[in-house]
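# Close look at the chain arrangement
The residues making up each chain are set out below.
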Amino acid sequence: MNSVLDRLRDCNGVSFVRLTTSYRSHPKLVNCLALSVYEPNGEQLRPGLNESQRDLLTNQIGLNLPIQNTPIILIQQNTAVEMDPTSFSLTNGGHTITTVTLLNELVPPLASRRMKILVIGLYTAQVSNIRRAIKEYNWSNVTCSTCDAIQSQEADLVILTTTKTSVQQKQSSEEEKGLFWSDPRRTNVALSRARYGLIVIGDLPFLCQKGEVWEKFVLEACKQTVVVTPAFIELMKAGNIQRVNGVIADYKGEIPIAWDFYEKMKIDSNLVGKPPQTQQAMECESTQSTSGQAIQPVQITSTQTPASGGYQGYYGPSTAPPGSQPQWTQPVQMPQPPQHQFQHPQQSGGPVIGGIYQKQIIGVLCLLTSHR
């Protein structure tokens, strides 16, 4: 079905004024959109603001970014997709965990400045899971909607959880509908809502393979930043980070870069070069999350037997959120990491958590697929 704008364009006597200057987003976001959406269609888009007018994430609230002056964070996560048995919509437990962990770190500094966070999901089942977490933890400055519901909206920070990956239990009916999430107009809407910063969580090589706009946007963004793993989140507020050629690294100098992305895309990072033979697991010596909450295990049931030395469960905060603590009543499948990215738990000494082997994990890891 054509949109209202498509129908108006076909009417006689209706004139159009095309957008050529964006006063919404950080200039680096505008430039990525211009090169991936506008220029391929013979149009132009230029930033109407300078970087100092949109430096909330890069300068004002003390967050460590992969590249500090670039408010675009690309998180590579190829965890399994599941189909909701009732709605046939898709969910991704690993992406849900990463989204909620990010929110736990980002909500306090942004809420203190009355800044809004918008989580965009491409699937209704994924949006429903994240909305439950937002309600459970009473994050009043966070909203979550599908891409189709936010065309006229904008937010200070946008987290885009794409859900779809190359790891899927069963093909869904949307495969026969032309992959709705790769539609150029829908992709443009999802990527253009942010004022100060954009975080994308997804299987980026898969998105690039299926969507032309995705490919152009990701490759252009890679000229300004690096693609990281979810392990990056524990460095966002850490005080003892290092910078290697401007790229964030832990106190040992290890970079949480997603080498599998660069291998699949057959490109080299222009900032850190080629991947090493073995990527070391990142470890955190602290016994507290960076948000200051003590960490203790929250036991849940898994349908998989964890690797030897692993821990059967996820970590959560020691204090329950407002209201009742979530009840884990159904078995869930624990996301598994790519084997070449991290060490075996016996080598790293860490548990299996959301696809990451490490000794500690920050924030609140809230698994919601059991509520479907």
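Residues numbered from 1 in each chain as written. Predicted model: local features only at pLDDT ≥ 70, side-chain atom pairs only at ≥ 80, totals over all residues. Heavy atoms only, no water.

You'll find the chain entered in an unreviewed UniProt entry as DNA2/NAM7 helicase-like C-terminal domain-containing protein, with Meloidogyne enterolobii given as the organism.

## Some details on the overall build of the chain
Short version of the rule: In DSSP terms, a helix is any run of H or I states spanning at least four residues, a strand is any run of E spanning at least two, and both are numbered starting from the N terminus. Each residue is placed in one exposure class: buried if its accessible area under a 1.4 Å probe, protein chains only, is under 20% of its type's maximum, exposed if it is over 50%, and partly exposed if it falls in between. Any two residues whose heavy atoms approach within 4.5 Å are treated as being in contact. In short, Shrake-Rupley with a 1.4 Å probe defines the accessible areas, and a residue's cover is counted only from the protein chains shown.
In terms of helices and strands, the chain carries 10 helices and 16 strands. The 372 residues of the chain split such that 55% are buried. Taking all contacts inside the chain whose residues are at least 6 apart in sequence as the whole, residues at least 24 apart take part in 75%. When the accessible area of the chain is evaluated, it comes to approximately 16,500 Å², of which 47% is carbon and sulfur surface.

## As for helix H2 (residues 27-38)
Extensive coverage of H2 is indicated by the burial of 10 of its 12 residues. Within the span of H2, buried status applies to Pro-27, Lys-28, Leu-29, Val-30, Cys-32, Leu-33, Ala-34, Ser-36, Val-37 and Tyr-38. Buried residues in H2 make contact with strand S1 (21-22), strand S2 (46-47), strand S3 (72-76), helix H6 (184-191), strand S9 (194-202) and helix H8 (212-221).

## Side note on H8
Filter applied, for reference: Here the arc refers to the directions that run from the helix axis out to each C-beta atom.
Along H8, the residues that are buried comprise Val-213, Trp-214, Phe-217, Val-218, Glu-220 and Ala-221. Down the axis of H8, the sector holding all buried residues measures 165 degrees, keeping them to one side.

## Observations regarding the packing of aromatic side chains
What counts here: Stacked, edge-to-face and tilted labels apply to pairs of Phe, Tyr and Trp rings (six-membered ring for Trp) whose centres lie within 6.5 Å, assigned for plane angles under 30 degrees, over 60, and everything in between, in that order.
All told, the structure shown has 3 aromatic pairs when counted by the stated rule. Ring geometry for Tyr-137 and Trp-139: centres 5.3 Å apart, planes at 20 degrees, overall stacked. Here a set of aromatic residues connected by ring pairs shows up, and it is made of Trp-259, Phe-261 and Tyr-262.

## A word on the pattern of salt bridges
Quick note on the threshold: For this document, the term salt bridge refers to a Lys or Arg side-chain nitrogen within 4 Å of an Asp or Glu carboxyl oxygen.
With the rule as written, the count across this model stands at 7 salt bridges. With a shortest N-O distance of 2.8 Å, Arg-24 and Glu-154 are connected by a salt bridge. Note that Arg-24 is positioned in the loop between S1 and H2 and Glu-154 in the loop between strand S7 (142-146) and strand S8 (155-161), a separation of 130 residues in sequence. Accessibility expressed as a relative area gives 23% for Arg-24, which makes it partly exposed. A salt bridge links Glu-212 to Lys-216, with the shortest nitrogen-to-oxygen separation between them at 2.9 Å. Here Lys-216 and Glu-212 lie together in helix H8, a separation of 4 residues that amounts to about one turn. A residue is classified by how much of its surface remains accessible, and Glu-212, at 54% relative accessible area, is exposed. Via salt bridges that share partners, Arg-24, Glu-154, Asp-156 and Arg-195 belong to a single interconnected network.

## Considering the pairing of S7
What counts, and what does not: Two strands form a pair only when DSSP identifies at least two bridges running between them. Orient the strands so they point away from the viewer; a crossover is then right-handed if the path from the first strand over the helix to the second runs clockwise.
Within S7, 4 of the 5 residues are buried, which leaves the element mostly enclosed by the surrounding structure. Bridging between strand S6 (residues 117-121) and S7 involves 5 bridges; their strand directions are parallel. Bridging across to S7, Leu-118 finds its partner in Thr-143. Note on the crossover from S6 through helix H5 (residues 124-136) to S7: the handedness is right-handed.

## Quick word on the packing of H2 against H8
Stated precisely, the cut-off is as follows: All axes are obtained by fitting lines to C-alpha atoms, using only the stretch in contact for helices, and the reported angles, taken between N-to-C directions, cover 0 to 180 degrees. Note on terminology: angles under 35 degrees are roughly parallel, angles over 145 are roughly antiparallel, angles of 65 to 115 are roughly perpendicular, and the others are oblique. Note: crossing handedness is left-handed where the near helix turns anticlockwise from the far helix by less than a right angle, and right-handed where it turns clockwise.
The N-to-C vectors of H2 and H8 enclose an angle of 140 degrees; their axes lie 8 Å apart at closest approach. Between H2 and H8, the interaxial angle falls into the category oblique. H2 and H8 meet at a crossing whose hand is right-handed. Taking contact as the criterion, the partners of Leu-29, Cys-32, Leu-33, Leu-35, Ser-36 and Val-37 in H2 are, on H8, Val-213, Lys-216, Phe-217, Glu-220 and Ala-221.

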